[in-house]
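Residues per chain, in single letters:
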Amino acid sequence: MKKEKFITIGEIMLRLTPPDYEKIRTTNIFEARYGGSEANVALSLANLGIDASFFTVVPDNSLGKSAIRMLRSNDVDCTSVKFTTEEETPTHRLGTYYLETGYGIRPSKVIYDRKNSAFAEYDFAQTDLDAILEGHTWLHLSGITPAFGKSCKEMILACLKRAKEKGMTVSFDGNFRSTLWDWEEARDFCTMCLPYIDVLFGIEPYHLWKDEQDHQAGDVKDGVPFQPDFKQQEEVFHEFVKRYPNIKCIARHVRYAHSCSENSLMAYLWYDGKTYESQKLRFHILDRVGGGDAFVSGIIYALMNEYKPQDIADFGVAASAVKHTIHGDGNITDDVSLIEHIMQMNFDIKR
């Protein structure tokens, strides 16, 4: 087994949360943490012992330094992080989001305040991507970053192309954010990324036309429910790999919400020509944000360590379930055996 060296690129944000399930409009106190999809994946993998790096852009002020300090404290290599001046990013701010944690029948709510963040304002044309990617074996990207605008779109496509030239494994999580761009724009761009991807997370937002010459015929995924059965999911997976034979693995998790405080998760995995269905785990939620990123990091970890396909799917779901029991965006679990116990549905006390 080769030693993997992982890198991901994206924005890290300040997260502000009222304590004790309080509502944003009534609280007098906010708990401060940091998070962001790609940062969460890097943090989770680093805690599991993977050599993980993160490239981002933050303002050269106390907030930017605090965010990076948090990542470094979780063993994430931040050597390539860019700390910008006010000349480089005039608004000079770290993106922020507010999380109102739901309880019982009341759902959680997120308010973003990330417009004109340092990451969004930075001109990536001046970035030496070859230097950032050098020495790494695995690149992970998501559909969040290109939503920030032209410079980010160009940077993501350039990263994908250079990673393939370097023989790196590339994983991609569509991660659609309606507050950043519209559905069709996201589908148009993310579909352009598919020829460069080895490991695909989720089945949207991508065009998978029934007839490439007549888009009016619709998309293969039209009518597929959010909670598909095995046959429905397998058909979609087969269409992806038929059109994009470069894809070696597809993973997506399926959520069942019994209430805002109790969910179940399972996953479908396509690997080596076959579709697998994970076990379903039911659990109470302490903090749901970052659950999808924990699933991504769990799948990547299991692939890196050459788990059997069924175990890859089960490990990803177990990693996500564990994250739901931890405050903050990132899965700080550093005990692989704990996740493996959850895989086996062994919930006894560990002595």
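Residues numbered from 1 in each chain as written. Predicted model: local features only at pLDDT ≥ 70, side-chain atom pairs only at ≥ 80, totals over all residues. Heavy atoms only, no water.

**Q** Honestly, the sheet that holds strand β3 (residues 31–35) in this entry has me stumped. Any pointers?
**A** The strands making up a sheet associate through backbone hydrogen bonding, with each pair oriented either parallel or antiparallel. Here we have four strands laid out as an open sheet, ordered β3-β2-β7-β8, and mixed in their pairing. Of all the strands in the sheet, just β3 and β8 (109–113) have a single pairing partner and so form its edges. Neighbouring strand axes in the sheet, compared pairwise and without regard to direction, differ in orientation by 25 degrees on average. Looking at chain direction, strand β2 (residues 13–17) and strand β7 (residues 96–100) are connected through three bridges and run parallel. The residue bridging R15 from the neighbouring strand is Y97, located in β7. (Pairing = 2+ DSSP bridges. Helix = DSSP H or I, 4+ residues; strand = E, 2+ residues; numbered from the N terminus. Axes fitted to C-alpha atoms, helices over the stretch in contact; angles between N-to-C directions.)

**Q** I'm lost on the environment of M343 in this one. Help?
**A** Relative to the helices and strands, M343 resides in helix α10 (residues 336–343). By relative accessible area, M343 is classed as buried at 11%. In contact with M343, other than residues within four places in its own chain, are Q279, D311, D314, F315 and A318. (Buried < 20%, exposed > 50% of the residue type's maximum accessible area, 1.4 Å probe, protein only. Contact = heavy atoms within 4.5 Å.)

**Q** Help me understand the packing of aromatic side chains in this model?
**A** A full pass over the atoms with the stated rule returns 15 aromatic pairs. Ring plane angle 85 degrees and centroid distance 4.9 Å describe the contact between F176 and W183, whose orientation is recorded as edge-to-face. With relative accessibility at 26%, the residue F176 sits in the partly exposed group. One aromatic cluster in this structure is built from F55, F119, Y122, F124 and F148. One residue, K280, lies across the ring of Y256, its end atom 3.9 Å from the ring centre. (Phe/Tyr/Trp six-rings, centres within 6.5 Å; stacked < 30°, edge-to-face > 60°. Lys NZ or Arg CZ within 6 Å of the ring centre and 35° of its normal.)

**Q** Just to check I follow, could you spell out the nonpolar core for this structure?
**A** Note that soluble globular proteins tend to have their nonpolar side chains buried in a common cluster. Within the largest apolar cluster, 58 residues are counted, with the highest numbers of intra-cluster contacts made by F6, I12, L71 and I300. Once residues lying within four places of it in the same chain are set aside, the contact partners of I12 are Y34, G35, A39, F54, T56, V58, A67, M70, L71 and L94. Formed by 50 residues, the second largest nonpolar core is a distinct cluster that contains F55, C159, F237 and I247. (Core = buried A, V, L, I, M, F, W, Y, C linked by side-chain atoms within 4.5 Å.)

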